[in-house]
Amino acid sequence: MSETTIAAISTAYGEAGIGIVRTSGPDSLSVLRKVFVPNRAGATAGQLQTGAGSAGDAGVWTPQPRHMYYGRIVDPKDGSVADECLAVFMPGPQSYTGEDVAEVQCHGSVISYKKILALMLENGAQPAEPGEFTKRAFINGRMDLAQAEAVIDLIKARSARSFDCAVGQLEGSLSQKIRSVRAELLDLLTELAVNMDYPDEDIEELTYNRLGNRISLINDELIKLKDSSAEGRILREGLLAAIVGKPNVGKSSLMNVLLREDRSIVTDVPGTTRDTIEEQISLRGITIRFVDTAGIRSSADKVESIGIERSKDAFNRAELLLLVLDSSEAISAEDLELMEMAKDRPVIVILNKDDLPAAGSHGKTIEASGGSDGGNGLSEGMIEDEIRRILPGARMVRLSAKTGEGLLQLEDSIEEYVTGGRVRREEDVLVTNVRHIALIEKAIEELSEAGRMTRAAEAMDFIEVNVRAAFDALGEITGETASGEVIEEVFRRFCLGK
Ligand code: GDP
C-alpha cells in the first residue's frame with residue numbers, strides 16, 4: 001500500500017456536463033473532509049453549512065462508504081465556495097486502486113477542476129503521475145499487468161471491435177489463458193526437478209518421450225495464441241490500407257463511398273500531413289486508415305516528385321493495398337507497372353466502374369502485357385486472367401464506386417484479410433499488444449529449443465533452463481516476473497487521472 005495520497009482530474013480537460021477530481025491513498029477521507037461540506041440531511045441547498053470552521057472540522061462527517069453526498073467544495077482557509085458538487089468515499093480494498101478513494105463530481109468547468117484539485121493538494125494530497133491510479137491498482141493486486149494494459153487500450157480504442165477486445169482482456173481473458181499455460185509449465189518444472197533431484201526414488205520416470213510430448217502440447221497452445229496476434233494487432237491499432245491506381249480509375253470516388261458507408265466515427269488522424277490524404281473509417285468494427293496515394297510514377301517536376309516520394313512511402317508502409325483498375329478500359333502499361341509493384345504484397349484488386357460496359361465487350365481492347373495483340377479485343381474474363389497471371393494470390397472484386405454495387409464484397413474481402421479467414425469463437429483469446437506478442441514469441445522459442453534438446457536426449461537440467469525461461473517470459477505478460485522498468489514503461493502510456 002502506498003503511503004502517499006494522490007489527486008488528479010480524471011475526466012477530460014475541457015467543457016463538459018460534469019467533471020471528476022479524485023484522490024487515492026490513506027488520507028483520502030481526511031482530504032475530502034477538509035474541503036467538502038455536505039448538505040446535512042433535511043437541509044436544503046440554501047441551508048448548507050459553510051464557513052471555515054465546519055469545512056475544516058475533521059470529526060463531524062463520517063460518510064457511508066460508496067454513498068453519494070451532495071454539498072460544496074469549500075476552501076478551509078477562508079470559507080470561499082469553489083463549486084457545488086457530489087462526493088463519494090470508497091474505502092479500500094473495494095475501490096479501483098484497492099486503497100481509500102474519494103471522488104468529487106463537480107460542474108464540467110476547467111476552472112472548477114483546477115480549483116478543486118488545488119484545494120486537495122493544499123490539504124494533504126500530492127499530484128498523481130500519469131496512470132498512477134491504475135498502477136496502484138496493479139501494485140495492490142486489483143488487476144494484473146495485462147489487465148492494466150487493457151485499461152489503456154480500452155480508453156484509446158477507436159473501433160467497436162478493439163474496444164470489445166480490450167474489455168475481454170480487462171475481464172481477464174488473456175490473463176487466464178496465460179495463467180493456465182504457466183500452470184502447466186510449472187507442473188512440468190516441478191516434475192523435472194523431482195526427476196533430477198531424486199532419480200532413484202519410486203516416482204514415475206519422466207521419459208524424454210513424455211517430456212517431448214508435454215512440451216509440444218504446451219507450445220501448440222502458445223502458437224495458437226500467437227496466430228491470433230496479427231488480427232489482434234490490427235484490431236488494436238487499425239489497418240493501414242493504401243488505395244492505389246493510375247489517375248481517373250476512381251480512387252477518390254471509392255474513398256468517398258467508403259467514408260459515406262462508415263456510419264460511425266470519421267476522424268482525422270492527428271499528426272498526419274495533408275500531403276497524402278489519410279482518412280480513418282470503421283469498417284465492420286475494424287479501424288482502417290486509408291491513405292490515398294495519388295501519383296506514384298516518377299515525374300520530372302520537382303514539387304510533384306516530393307508528393308510522389310510521400311506516395312511511395314505510403315505505398316511501402318501500407319499493410320494492405322487496394323489496387324484500383326478501370327474495368328471499362330484496357331489494362332495499360334501504367335496498370336501493369338503498379339501490379340508489378342504490388343507483387344508479393346497483400347493486395348485486393350478492385351475492378352471499378354463495373355456499371356460501364358467491360359473492356360473488350362464493345363470493341364474496346366485489352367492490351368496484353370506486351371501490348372502487341374494487335375487490337376483484336378480480349379473477352380471480359382481475360383482482364384481477370386491477366387491480373388491472376390501477375391498477382392496470383394490477389395483477391396479480386398468487381399465494383400462500381402458510382403452505384404455502390406460490389407461494396408459489400410469489398411468489405412468481405414477486407415474483413416477476410418484481417419481475420420485471415422478464421423472464424424473466431426466467442427471464447428477465443430486475441431493477443432493485441434506488441435509487448436505480449438513479443439513475450440509469447442520468446443516463450444515459443446524457448447520451448448522449441450527445449451523440444452529440440454529433448455529429442456536429442458540432452459541433460460534434463462539443461463532442458464529445465466529453457467522451460468523456466470518460457471515460464472518467466474509468460475509471467476512478464478501478467479506482471480508476475482516483470483521488472484520495475486517494464487512496469488514503468490507500461491504505465492508511461494497512460495493519461496493523467498487514470
Ligand atoms: P481518381 O483519379 O482515381 O481519384 O478517380 P476519380 O474518383 O476522380 O474518378 C474519375 C472519374 O471516374 C470521375 O469522373 C468519376 O465520376 C468516374 N467514376 C469513378 N468511379 C466510377 C464508377 O464506378 N462508374 C462510373 N461510371 N464512373 C466512375
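This section reports on the structure supplied with the text. (Residues numbered from 1 in each chain as written. Predicted model: local features only at pLDDT ≥ 70, side-chain atom pairs only at ≥ 80, totals over all residues. Heavy atoms only, no water.)

### Points about the sheet that holds strand β2 (residues 16–24)
Reasoning step 1: Spatially, β3-β4-β5-β6-β2-β1-β7 is the arrangement adopted by the 7 strands of the open sheet, whose pairing is mixed. Of all strands in the sheet, those with a lone pairing partner are β3 (36–38) and β7 (126–127), marking the two edges.
Reasoning step 2: Here strand β1 (residues 6–9) pairs with β2 via 4 bridges, running antiparallel. The residue bridging Ile 9 from the neighbouring strand is Val 21, located in β2. (Pairing = 2+ DSSP bridges. Helix = DSSP H or I, 4+ residues; strand = E, 2+ residues; numbered from the N terminus.)

### Considerations on the packing of helix α6 (residues 160–170) against helix α9 (residues 229–237)
Reasoning step 1: Between α6 and α9, whose axes approach to 7 Å, the crossing angle comes to 115 degrees. Here α6 lies roughly perpendicular to α9, going by the angle between them. The two elements α6 and α9 cross, and the hand of that crossing is left-handed. In contact with Arg 161, Ser 162 and Cys 165 of α6, α9 contributes Glu 231, Leu 235 and Arg 236.
Reasoning step 2: The residue makeup of the contact of α6 with α9, split by class, is 2 nonpolar, 1 polar and 3 charged. (Axes fitted to C-alpha atoms, helices over the stretch in contact; angles between N-to-C directions. Parallel < 35°, antiparallel > 145°, perpendicular 65-115°, else oblique. Left-handed = near helix turned anticlockwise from the far one by under 90°. Contact = heavy atoms within 4.5 Å. Nonpolar A, V, L, I, M, F, W, Y, C, P; charged D, E, K, R; others polar.)

### Here we look at the site of the ligand
Reasoning step 1: Close to the ligand lie 15 residues, the nearest being Asn 248, Lys 251, Ser 252, Ser 253 and Asp 355.
Reasoning step 2: Within the backbone of Asn 248, an N or O atom sits 2.8 Å from an oxygen atom of the ligand.
Reasoning step 3: Ser 253 is positioned such that a nitrogen or oxygen atom in its side chain is 2.5 Å from an oxygen atom of the ligand.
Reasoning step 4: Relative to its unbound accessible area of 570 Å², the ligand is 70% covered by the protein chains.
Reasoning step 5: Examining the composition of the shell around the ligand, we find that 3 residues originate from one element, helix α10 (residues 251–261), more than from any other.
Reasoning step 6: Taken together, the residues of the shell around the ligand sort by class into 4 nonpolar, 6 polar and 5 charged. (Near = heavy atom within 4 Å. Polar contact = N/O pair within 3.5 Å; in protein donor to acceptor, adjacent residues only side chain to side chain. Areas by Shrake-Rupley, 256 points an atom, 1.4 Å probe, with all protein chains shown as cover.)

### Overview of the environment of Arg 33
Reasoning step 1: With respect to the helices and strands, Arg 33 occurs in helix α1 (residues 28–35).
Reasoning step 2: Along the primary structure Arg 33 and Pro 63 are separated by 30 residues, whereas in three dimensions their C-alpha atoms are 9.4 Å apart.

### As for the packing of aromatic side chains
Reasoning step 1: Per the counting criterion, the structure on display carries 5 aromatic pairs.
Reasoning step 2: Seen from their ring centres, Trp 61 and Tyr 69 are 5.2 Å apart, and the 90 degrees between their planes marks the pair as edge-to-face.
Reasoning step 3: We classify Trp 61 as buried; its relative accessible area is 7%.
Reasoning step 4: You can call Tyr 69 buried: its relative accessible area is 19%.
Reasoning step 5: Between Phe 491 and Phe 494 the ring centres are 5.2 Å apart and the planes differ by 35 degrees, which places this aromatic pair in the tilted class.
Reasoning step 6: The buried category is assigned to Phe 494, whose relative accessible area is 5%.
Reasoning step 7: Cluster of aromatic residues (ring-pair linked, three or more members): Phe 36, Trp 61 and Tyr 69.
Reasoning step 8: Residue placement shows Lys 498 over the ring face of Tyr 96; its charged tip is 4.5 Å from the ring centre. (Phe/Tyr/Trp six-rings, centres within 6.5 Å; stacked < 30°, edge-to-face > 60°. Buried < 20%, exposed > 50% of the residue type's maximum accessible area, 1.4 Å probe, protein only. Lys NZ or Arg CZ within 6 Å of the ring centre and 35° of its normal.)

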